[in-house]
Amino acid sequence: MKRNFFISAICTLVVITFSFFISGFKIINNNNEVSLPSEWKFKTGDASDFSKPEFNDSEWSNITVGSPWESKGYDNYNGIAWYRTKVIIPSYLKNEESIISALQLLLGQIDDDNQTFINGKLIGSTQGYDKQRVYFLPYHLIKWDKENTIAVRVDDSGGNGGMISGPYSIGGKLHLSDIVSISDNNQIPYASADKTEFSKKIIFDFKVPVKSLAGTISVRVFNPATQKVVFTDQQNITIGIDADSSYQVKVKIKEPGTYFIDGWFSNKIISDTLKFGTLYTYIPIPRIHEKQPQPSVKLMIPEKTNPIELENIKLGGYLEERLKANLVERLLKIDETGILECYYRRPGKQTWVGEYVGKYLHAASRAWKYSKNPELRTQMDRIIDVLIACQKEDGYLGTYLPQNYWTHWDVWAHKYNMLGLLSYYSATGYKPALEASKKMANLMCRTFGEGKRQQNIVESSGHMGMASTSILEPMTELYRFTGDKKYLDFCNYIIKAYDSKNGPKIISTLTTVGKVDKTANAKAYEMLSNLTGIVKLYQLTGNKKLLAAADIAWNDIAKKKLYITGTTSEHEYFRGDFFLPADNDAHIGEGCVTTTWLQFCQALYNLTGHAKYITEIEKSIYNHLLAAENPKTGCVSYYTALQGTKPYRCTIDAHCCLASIPRGIAAIPELAFTKKVETGFNINLYTPGQFTSKIKANGGKKAVAVKCSLKTVFPASGQIDIKISPETTTAFRVALIVPLWCNDFIAEVNGKLLKGTPGTYLNIDKTWSKNSIIKVSFKPKQKVIVGGISYPNSIAFKLGPQVLAVDQALNPHIKNLDELTFDNKALITTSVKTLLPKDWFGSQVFNVKAIYNGKPADVVLVPFADAGQTGGEVRVWVKK
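Please read these numbers as outputs of a predicted model, since none were measured by experiment. (Residues numbered from 1 in each chain as written. Predicted model: local features only at pLDDT ≥ 70, side-chain atom pairs only at ≥ 80, totals over all residues. Heavy atoms only, no water.)

Participant: Teacher, can you tell me more about the overall build of the protein here?
Facilitator: Counting secondary structure elements, the protein contains 17 helices and 42 strands. The C-alpha radius of gyration computed for the protein amounts to 30 Å, which stays within 12% of the reference 29 Å derived for 880 residues, consistent with globular compactness. A burial count over the protein gives 60% of its 880 residues as buried. Sequence separation of 24 or more characterises 72% of the internal contacts of the protein that already satisfy a separation of 6 or more. Counting every atom, the protein has about 34500 Å² of accessible surface; 50% of that belongs to carbon and sulfur. (Helix = DSSP H or I, 4+ residues; strand = E, 2+ residues; numbered from the N terminus. Rg over C-alpha atoms; globule rule 2.2 N^0.38 Å. Buried < 20%, exposed > 50% of the residue type's maximum accessible area, 1.4 Å probe, protein only. Contact = heavy atoms within 4.5 Å. Areas by Shrake-Rupley, 256 points an atom, 1.4 Å probe, with all protein chains shown as cover.)

Next up, the structure:
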């Protein structure tokens, strides 16, 4: 077997610009290390001179590093700030025979992004608050035995900011991992079933240039499910600038499964061993005898409504186009390496990166049940198999190394993996997905609890433990599928843990204080995740305190914390009543919050069948949910401002919402139509489409197959023809939602006119025969909304369910949107689609008379969900 060796000297920091190359083999004295001062100079704001050593910072404030600047008197400051310190670097740290001609600089964690300078020269930059900063000070930039200036520019986008934790030092013991890392070509080699020979190239990535480094590499290729080793090898190699080399493995494999490669590289000069593990290849595993499972545990508090089976629904019109865009542009283009490599190449690059694959599976399972897209199914199958293959024998399926288990977002990743695996199991019946979920849950039950050797779950994550305790939701689902009481006991343990010393006290605070912004630390995403689980646990136990807390939270959010576009949160937190700033700097409507708010509403709607939840669901769907994903590209906004450009991003790096928004969009079909548990069905969204399902009839005494179709061009029109065809003539209820935003809602049935009351269901109880027709008509209201305490001198327009917006890309004559004013009595008129660019996604466009720079102007409006798709600046709130 022929093997070639080459080196890929990739510098992951700016230190690639260093001009030093050393080939010696003696390392620096392990004890040679200088601690940095704990007190630095500090200033908010930005200027290029701040990095220069001659800059006079004597007027700056003093600040202690190692904690967020918010704890040092800079409450709620988000933006750029500088830290500066001076340090004498003794010449005895210099070792001319070291492998590298540089000293390590350790700066710990910095929130969020930073650039670091030594004596005015940039030596490194890093993005992401959860990464350890390790830079190198090249000898030629150091002033030996003299004062050196270290300056750190920090850019904080929200939450805590600054140099939040150490260590802070120069020098110290050198490890192989400080110099070089081992990777592959960063591609997952998925194979067809008939392929048998596979190869993998191993690459050495240098963080600083090294001329040559001799060592031994050992590898093995194995199947973790069977523990069968199919290949082993050991080679002496030399790597470095003077040894252009790589290591390649070729193996013949015939059996289906997921195969991993483990490797070790050791060097006699540096005592430690560099280890790596990665996916070698995946050979498709056949799916046989699959059957969609049913829960084994009945709910103590049954639901009033259930979704129509997704495979029996077909939508059309605007919502269907958005569903297709979500499938084709987002889910089918998911970065498979990006969501999986944190498992097969631990640790992950971000502390929360483990959530992505579970979120993908949660969305994709729904999208596949609805679309039956074969390409999506193939993609899901291989992602599931690779993920399961990464699970440890004890059930661990996180992205951390053992010394960091159960810190930060570790339980959170398990929560989303359980949710994703159970969603896939529910859709396909693939039992290994259920078994992997059980193994994770068993590990949770062993690790957390009130026993002597167990940990308190609220101590395992930030946000007062709410990230970890949100595992409540998938635990309730697992209990329903298995009936294993220990999972229900664990759910009840979580509720008890809320009130532990450092716990979030969600139930007790909501039922006494009654405000989400006064509960725990008010972090919206994590709290909503818990609230969804609380509703589902109530259905299993009947504990009325759980439902009371959820009701209080929902009412507080819906009435006092919600933007007109159906989202909540500012800088990811619940804020005071009606405080709703809407520009980009406010970081409003985190995509994860929008989706989880939708899920919370859905859980309460399924439980109660109340129309008020559909009102909020529809508002979110037609506005903030769809506004957060660009239908042209599939890119997603982390925060989706009402004022400014939509900052769409396509990569998952530090972008949890890229995985959340597709989950919300994939849920639309199961929200459009629902079955009433007692009798009949509900129509919740007036979209063209159809469904077929078994419906309870004759007062719930029998089930009858019913086909229902809707013909409409809604939301462009309030005319809907509904055709109902049961397999036999029978009696049941058809409940039509009467939106709050409409006038004159009339349903005509057999010549009889029925009038609906906005905000309720119009219930039609009758005996239906084949091809029965309901003709629905209503007039969407044009509503002028006043900006409230955040925008007291501005207004917004809403037409039917849709909030409208000015997109500057469609109004090139409006150079400055801040100089635009609306008359609060202005009438919006429908315009022709020719006003839109040919490649514009969407067909609705409106005109309104306005004033610009003191002169009358015609302005084009589009739905907020469509605005900004071509990069134009957007305004929902416009001065009146």
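Participant: What should I look at first to understand unusual backbone geometry in this one?
Facilitator: Trans peptide bonds make up most of the peptide bonds, and negative phi angles are found at most residues other than glycine. Cis geometry is found at the peptide bond from G166 to P167, where omega equals 10°. Position of P167 among the secondary structure elements: in the loop between β10 (162-165) and β11 (169-171). P715 follows F714 through a cis peptide bond whose omega is 10°. Mapping P715 onto the fold places it in the loop between β27 (702-712) and β28 (719-726).

Participant: What should I look at first to understand helix α3 (residues 336-344) in this one?
Facilitator: Given 3.6 residues per helical turn, the α-helix brings residues three or four places apart onto the same face. Burial analysis of α3 places nine of its nine residues in the buried class, which makes it a mostly covered element. If you check which residues of α3 are buried, you get E336, T337, G338, I339, L340, E341, C342, Y343 and Y344. As for α3, its buried residues are in contact with β17 (257-266), β18 (273-283), α4 (355-371), α5 (374-389) and α6 (410-428).

Participant: Help me understand the side chain of E70 in this model?
Facilitator: Among the secondary structure elements, E70 is positioned in the loop between β3 (61-64) and β4 (79-88). Within the buried core, E70 has no salt-bridge partner, and the shortest N-O distance to an opposite charge, that of R575, equals 9.2 Å. Polar contacts involving the side chain of E70 include one to the side chain of W69, which spans 3.3 Å. With residues near it in sequence (within four places) discarded, E70 still touches D75, N76, Y77, D156, G159, N160 and G161. (Lys, Arg positive; Asp, Glu negative; His and termini not counted. Salt bridge = Lys/Arg side-chain N within 4 Å of Asp/Glu carboxyl O. Polar contact = N/O pair within 3.5 Å; in protein donor to acceptor, adjacent residues only side chain to side chain.)

Participant: Is there a simple way to explain the side chain of D385 in this structure?
Facilitator: Within the secondary structure layout, D385 lies in helix α5. With a relative accessible area of 4%, D385 lands in the buried category. Within the structure, D385 has its side chain in polar contact with the side chain of R287 (distance 2.6 Å). Excluding anything up to four places from it in sequence, D385 contacts T258, Y282, I285, R287 and Y430.

Participant: Whenever I open this one, the pattern of salt bridges confuses me. Can you help?
Facilitator: Side-chain pairs of opposite charge can arise whenever the charged atoms involved come near each other. Tallied over the full model, the rule gives 43 salt bridges. Notably, a salt bridge pairs R153 with D46, separated by 2.9 Å at the nearest N-O pair. Highlighted residues: R153 in strand β9 (residues 147-156) and D46 in the loop between β2 (39-44) and β3, separated in sequence by 107 residues. A residue is classified by how much of its surface remains accessible, and R153, at 18% relative accessible area, is buried. You can call D46 partly exposed: its relative accessible area is 44%. Residues joined in a network through salt bridges with shared partners are K515, D517, D556, K560, K561 and D577.

Participant: It is not clear to me how the packing of helix α10 (residues 485-497) against helix α12 (residues 524-541) should be interpreted in this structure. Could you clarify?
Facilitator: Packed helix pairs are characterised by how far apart their axes lie and by the angle those axes make with each other. With their axes 11 Å apart at the nearest point, α10 and α12 run at an angle of 125° to one another. In terms of orientation, α10 and α12 fall into the oblique class. Between α10 and α12 lies a crossing of left-handed hand. Residue-level inspection shows L488, C491, N492 and I495 of α10 in contact with α12, the latter providing I534, L537, L540 and T541. Of the residues assigned to the contact of α10 with α12, the class counts are six nonpolar, two polar and no charged. (Axes fitted to C-alpha atoms, helices over the stretch in contact; angles between N-to-C directions. Parallel < 35°, antiparallel > 145°, perpendicular 65-115°, else oblique. Left-handed = near helix turned anticlockwise from the far one by under 90°. Nonpolar A, V, L, I, M, F, W, Y, C, P; charged D, E, K, R; others polar.)

Participant: What am I meant to see in the state of the cysteines here?
Facilitator: Structurally, a disulfide amounts to a covalent bond that connects the sulfur atoms of two cysteines. One pass over the full model with this rule turns up one disulfide. Here C592 is not cross-linked by a disulfide; its sulfur's nearest cysteine counterpart is in C657, at 3.4 Å. With relative accessibility at 0%, the residue C592 sits in the buried group. Take C742: it sits in no disulfide, and the sulfur closest to it among the cysteines is that of C708, at 18 Å. (Disulfide = S-S within 2.5 Å.)

Participant: Mind showing me how you'd approach the confidence of the model for the protein here?
Facilitator: Atom-level detail of predicted coordinates should not be read off regions where pLDDT is low. Scored by pLDDT, the protein comes out at a mean of 91, with 95% of its residues at no less than 70. Scored below 50 in pLDDT, residues 1-30 shows 99 contacts in the model against residues more than four places distant or in partner chains. (pLDDT = per-residue confidence, 0-100.)

Participant: Just checking my understanding: could you explain the sheet that holds strand β24 (residues 673-676) for this structure?
Facilitator: Across a sheet, paired strands are connected by hydrogen bonds in the backbone, their directions being either parallel or antiparallel. Spatial strand order, β19-β24-β25-β29-β32: five strands in an open sheet with mixed pairing. Strands with a single pairing partner mark the edges of an open sheet, and in this sheet they are β19 (305-307) and β32 (760-768). Each adjacent strand pair in this sheet contributes to an overall mean axis angle of 30°, direction not counted. Two strands pair when backbone bridges link them, and strand β25 (residues 681-683) and strand β29 (residues 730-738) are joined in this way by three bridges, in the parallel orientation. What sits directly across from N682, in β29, is A735. (Pairing = 2+ DSSP bridges.)

Participant: Which parts of the structure should I look at to understand the environment of S296?
Facilitator: Considering the arrangement of structural elements, one finds S296 in the loop between β18 and β19. Residue S296 is classed as partly exposed on the basis of its relative accessible area of 49%. Each C-alpha atom, one on S296 and one on F55, is 70 Å from the other, the two residues being 241 residues apart in sequence. What S296 contacts, discounting residues up to four positions off in sequence, is R480, F481, T482 and G483. Of the polar contacts made by the side chain of S296, one reaches the backbone oxygen of F481; its length is 3.1 Å.

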